[in-house]
Structures are given as structure tokens and as C-alpha cells.
Amino acid sequence: MAKENTFSGMAHNALTAETTIVGKIVSQKDIRIDGTLEGRLECQGKVVIGETGQVIGDIVAVNAEVVGRITGNVMVAEMLVLKATSSLEGDIQARRLAIEPGAVLNGKCTMQPPLDESSVA
């Protein structure tokens, strides 16, 4: 019997290590990147860039946590967290920002009220 595909609050997408995608990803659910994305990522949930994860392109999301590397601009409607091992080369637009000691950020940061729903994805 085939399993019915249903989404719960725990559902998310993943790009595993040693995998590369070239192009644009649009996701309605949370997504974790442990591989490489060369292109734009639009997510209406939380984006996690794992320790082996790398994004070369812009990210638009509601929330994001970066442990790996991003080369591109990041626009987050709510909270962006840069962990100690993270590296971000690009501009940030976020409502709230947390940067751990050791994180690398080279770019401009703009903090403002939340983005409206139409500009998140």
C-alpha cells in the first residue's frame, strides 16, 4: 500500500552533501542545504545552511541559520543567525540578526520591520 504524502510541521526539504544544484529553488517548507546550490533560493519557511553547505546566489526566506558559506545577498523577513563557522559575502536585510563570535560577514546589513508576505518569495 502506498504511503500518503502529507506535510506536518516537521516536514522539510534537504540538499545533501556532495550534491550540487545549478538553478533556482522555490520551497513552501523549510529547507536544509548541506551540498552546493549555484542559484537563487526562495523559501517560505526556514533555511539552514549546514557546515558543508554552500550557496552561491541570493537567498530570500522567513528565517535562516547559517553554519556554512554564502556568497550572495540574504533577505530574511524575521531572524538570521550566523553561527561561529559561517561565512557570508554579501548584503543582509533582516528584522533580527544574531552573529556568533568567529562568524565572517563581509557586506552591508540593513535591519527593518518585517517584509510583507508578497516579498518573501
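The structure we're discussing is the one just above.
What comes next concerns the included structure. Treat the numbers as computed from the prediction; the structure is a model and nothing was measured.

Turning our attention to the pairing of strand β7 (residues 46-49). Bridge count between strand β4 (residues 30-33) and β7: three bridges; the pairing is parallel. Its bridge partner being in β7, R32 is matched across the sheet by V48. Note: β7 against strand β10 (residues 63-66), four bridges, orientation parallel. The residue of β10 that forms the bridge with K46 is N63.

On to the sheet that holds strand β11 (residues 69-71). Within the open sheet, the six strands sit side by side as β2-β5-β8-β11-β13-β15. Their pairing is parallel. Both outer strands of the open sheet, β2 (20-22) and β15 (104-106), are each paired with one neighbouring strand and no more. For this sheet, the mean angle separating the axes of adjacent strands, direction not counted, is 5°.

Criteria and cut-off values
- Residues numbered from 1 in each chain as written.
- Predicted model: local features only at pLDDT ≥ 70, side-chain atom pairs only at ≥ 80, totals over all residues.
- Heavy atoms only, no water.
- Pairing = 2+ DSSP bridges.
- Helix = DSSP H or I, 4+ residues; strand = E, 2+ residues; numbered from the N terminus.
- Axes fitted to C-alpha atoms, helices over the stretch in contact; angles between N-to-C directions.

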